[in-house]
Amino acid sequence: MLTAVDHVQLAAPPGSEDKLRAYYQDVLGMREISKPAVLAARGGCWFATGTVQLHLGVEEDFRPARKAHPGLRVTGIEEYARRLRERGAEVVWDDNLPGHRRFYSHDPVGNRLEFLEKKDPQPPTGR
């Protein structure tokens, strides 16, 4: 029985770890977590916040995916978007998911990220 997603792995080019740390820690507010020694030798870095983990693994012939992406739930999406813009990240709003506010952005190596927050349900209107 599947119970949860443990982590999402994204690819990154060799030597990009410092850029990734600056973005995932300083811009997104995640913390770096230790990789097991046998995996750390391959490069890359892992990040977490709450129960969410993103693993960035080195891929020699790296090309960012144009469509594939993790969907990351946030609270205070307007403030979160402002935080990203203030730190130099592009924010592209998309209103095509009913019941949600969401935007897309890219990390410094081109990985697409979706940020979304459920809208509060509208109270029923009186007669």
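That block above? That's the structure.
Let me begin by describing the structure that accompanies this report. For clarity, every value in this text was computed on a predicted model and none was experimentally measured. (Residues numbered from 1 in each chain as written. Predicted model: local features only at pLDDT ≥ 70, side-chain atom pairs only at ≥ 80, totals over all residues. Heavy atoms only, no water.)

### What about the environment of E86?
Stated precisely, the cut-off is as follows: Helix and strand assignments follow DSSP, with helices taken as H or I runs no shorter than four residues and strands as E runs no shorter than two, numbered in order from the N terminus. Exposure is judged per residue with a 1.4 Å probe applied to protein chains only, and the accessible area is read against the type maximum: over 50% gives exposed, under 20% gives buried, and values in between give partly exposed.
Assignment of secondary structure puts E86 in helix α3 (residues 77-86). A relative accessible area of 59% places E86 in the exposed class. Along the chain, E86 and K35 lie 51 residues apart, while their C-alpha atoms are 30 Å from each other.

### A look at the pairing of strand β4 (residues 52-58)
Quick note on the threshold: Between any two strands, pairing holds if DSSP finds at least two bridges.
One ladder, built from five bridges, connects strand β1 (residues 8-12) with β4; its direction is parallel. In the strand pairing of β4, A11 is matched with G57. Here strand β3 (residues 45-49) pairs with β4 via five bridges, running antiparallel. The residue bridging W46 from the neighbouring strand is H55, located in β4. Counting the residues between successive antiparallel strands, the hairpin from β3 to β4 contains two residues, one of them, G50, with a positive phi of roughly 55°.

### Considering the sheet that holds strand β6 (residues 92-93)
Put simply, the rule is: Any two residues whose heavy atoms approach within 4.5 Å are treated as being in contact. Every axis corresponds to a line fitted to the C-alpha atoms, with the helix fit spanning only the stretch in contact, and the corresponding angles, defined between N-to-C directions, vary from 0 to 180 degrees.
With mixed pairing, the four strands of this open sheet are ordered in space as β5-β8-β7-β6. Edge positions in the sheet fall to β5 (71-73) and β6, since each has one partner strand and no second. In terms of strand pairing, β5 meets strand β8 (residues 112-118) through three bridges, oriented parallel. Pairing of G71 across the sheet is with E114, part of β8. The strands touched by α3 are β6, β7 (100-106) and β8; relative to β7, the strand with the most contacts, the crossing angle is about 15°.

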